[in-house]
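Overview (structure and organization)
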Amino acid sequence: MKGIILAAGKGTRLYPMTKPVCKPLVPVYDKPLVYYPLATLMQAGIKEIMIIIPPGEEESFKNLLGDGSHIGIHIEYAVQHVARGIADALLIGKEFIGKDSVCLILGDNIFHRPNMDKMLTKANSIADTGAIVFGYKVADPRPFGVVEFDDDWNVVSIEEKPKIPKSNYIIPGLYFYDNQVIEIAENLKPSARGELEITDVNLEYMRRGQLKVFPLKRGLTWLDAGTADSVLEAAMAVKSYQLSGYNIGCIEEIAWKMGFITLEDVRKIGKSMEKTNYGQYLLEIE
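First, a word on what this report is: a plain description of the structure on this page. From a predicted model like this one, the values you see are computed outputs, not experimental measurements.

What counts and how
- Residues numbered from 1 in each chain as written.
- Predicted model: local features only at pLDDT ≥ 70, side-chain atom pairs only at ≥ 80, totals over all residues.
- Heavy atoms only, no water.
- Helix = DSSP H or I, 4+ residues; strand = E, 2+ residues; numbered from the N terminus.
- Rg over C-alpha atoms; globule rule 2.2 N^0.38 Å.
- Buried < 20%, exposed > 50% of the residue type's maximum accessible area, 1.4 Å probe, protein only.
- Arc of directions from axis to C-beta.
- Contact = heavy atoms within 4.5 Å.
- Polar contact = N/O pair within 3.5 Å; in protein donor to acceptor, adjacent residues only side chain to side chain.
- Phe/Tyr/Trp six-rings, centres within 6.5 Å; stacked < 30°, edge-to-face > 60°.
- Lys NZ or Arg CZ within 6 Å of the ring centre and 35° of its normal.
- Core = buried A, V, L, I, M, F, W, Y, C linked by side-chain atoms within 4.5 Å.

Concerning the overall build of the chain
Helices and strands together make up the secondary structure of the chain, namely 11 helices and 14 strands. A compact globule built from 286 residues would reach a C-alpha radius of gyration of about 19 Å, and the chain, at 18 Å, matches this within 12%. Its C-alpha atoms give the chain principal-axis dimensions of roughly 55 × 40 × 40 Å. Burial status across the chain gives 52% buried among its 286 residues.

Rendered as structure tokens:
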């Protein structure tokens with residue numbers, strides 16, 4: 001399975017914060033926002049990852065993450081020159097995906113729970129025969145895309161911002177697709193707002209009877225860092241959790257736990273930033 005992070009948004013809702021730096025590089029507590037979706041893909045066991053970025057930002061991302069070899073993965077970059085919707089990421093990444101399945105995650109989504117890797121690797125293992133979306137229960141689902149499903153977790157309806165929701169489960173920005181998704185994306189027509197909608201991809205899988213939902217159970221944190229308020233809330237949530245001694249979105253630690261690199265590799269990286277709390281955390285991993 002390949003992984004794609006769609007991190008090409010201009011971040012206009014975050015102006016003036018994102019005028020000098022693109023949204024995925026904005027700090028969320030002690031690390032750049034892009035670390036969190038990258039950590040999620042790595043926890044799914046994915047080692048080949050494409051990050052779709054805004055024009056003119058390749059050097060900034062390479063300075064931050066390079067080719068990923070220091071954490072035992074392969075990263076490449078592609079530019080989305082025109083904002084054409086989430087599903088456009090699948091067309092940009094067509095050659096990168098090749099004949100594999102793919103996990104697509106939005107660059108401003110943060111997921112965390114204990115044993116997150118077990119849930120994600122399970123989704124990865126069954127994503128060769130259809131599509132999987134995740135259902136996150138909220139008190140008021142009306143501002144979101146709402147998913148309704150049967151007792152076997154098959155999706156029976158998806159509605160965007162319904163006035164009367166059919167469930168309290170919304171779909172956050174994390175999707176697992178088999179290779180059919182290339183053909184589905186190629187046949188999409190732009191919506192009324194001129195974008196290729198990821199909801200239309202999911203609806204096509206639903207029509208084919210191949211869309212399942214994984215309900216994200218209690219104990220999982222999902223944060224959408226798309227506004228100044230939500231970036232602040234995400235930073236405070238990360239800080240609060242990390243007071244327990246566990247670091248959220250620490251890609252070096254995840255790489256070690258997934259067997260991508262050795263503990264010695266982690267310590268070398270930690271040594272290079274030993275004057276920071278992040279570096280000290282890496283040095284203390286055992």
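Resuming the write-up.
Notes on helix α5 (residues 116-125)
Residues of α5 that are buried include every one of Met 116, Met 119, Leu 120, Ala 123 and Asn 124, and no others. One side of α5 carries all its buried residues, which in axial view fall inside an arc of 135°. Relative to its buried face, α5 has exposed residues pointing more than 90 degrees away, namely Lys 118, Lys 122 and Ser 125.

Considerations on the environment of Glu 76
The residue Glu 76 is located in strand β5 (residues 74-79) in this model. Along the sequence, Glu 76 and Lys 62 sit 14 residues apart, while their C-alpha atoms lie 9.1 Å from each other. Not counting residues within four places of it along the chain, the set of residues in contact with Glu 76 comprises Ile 49, Met 50, Ile 51 and Phe 96. Reaching out from Glu 76, the side chain makes a polar contact with the side chain of His 74 at a distance of 3.0 Å.

A closer look at the environment of Tyr 241
Locating Tyr 241 in the fold gives a position in helix α8 (residues 228-242). Judged by its relative accessible area of 30%, Tyr 241 falls in the partly exposed class. The contact partners of Tyr 241, leaving out residues within four places of it in the chain, are His 112, Pro 114, Tyr 246 and Ile 248.

Regarding unusual backbone geometry
Cis geometry marks the peptide bond from Tyr 15 to Pro 16, where omega comes out at 5°. Inspection of the secondary structure puts Pro 16 in the loop between β1 (2-6) and β2 (27-28). Even without being a glycine, Trp 153 presents a positive backbone phi close to 70°. Tracing the sequence through the fold places Trp 153 in the loop between β9 (145-149) and β10 (155-160). At Lys 161, a residue that is not glycine, the phi angle is positive and equals roughly 50°.

Brief notes about the side chain of Ser 101
Relative to the helices and strands, Ser 101 is located in the loop between α4 (94-97) and β6 (102-106). Apart from residues no more than four positions distant in its own chain, Ser 101 is found in contact with Met 1, Lys 2, Ala 127, Asp 128, Tyr 177, Asp 178 and Asn 179.

Section: the packing of aromatic side chains
Considering all chains together, one arrives at 10 aromatic pairs under this definition. For the ring pair Tyr 177 and Tyr 205, a centre distance of 5.5 Å and an interplane angle of 15° mean the geometry is stacked. Of this pair, Tyr 177 sits in strand β12 (residues 174-177) while Tyr 205 sits in helix α7 (residues 198-207); the two residues are 28 residues apart in sequence, bridging distant segments of the chain. For Tyr 177, a relative accessible area of 0% puts it in the buried group. Given a relative accessible area of 0%, Tyr 205 falls into the buried group. In this structure an aromatic cluster arises from ring pairing among Phe 134, Phe 176 and Phe 214. Lying across the ring of Phe 96, Lys 2 places its NZ or CZ 5.0 Å from the centre. Lying over the aromatic face of Tyr 15, Lys 19 brings its terminal NZ or CZ to 5.5 Å of the ring centre.

Overview of the nonpolar core
Core analysis: the largest hydrophobic core is formed by 52 residues, its most contacted members being Met 42, Ile 51, Phe 134 and Phe 176. Looking at this core, the element that brings in the most residues is helix α1 (residues 35-43), giving 5 residues. Residues contacting Phe 134, with those up to four places away along its chain left out, are Met 119, Leu 120, Ala 123, Ile 170, Ile 171, Pro 172, Leu 174, Phe 176, Val 213, Phe 214 and Leu 216. Residues Leu 90, Leu 106, Ala 131 and Leu 188 belong to the second largest nonpolar core, which totals 34 residues.

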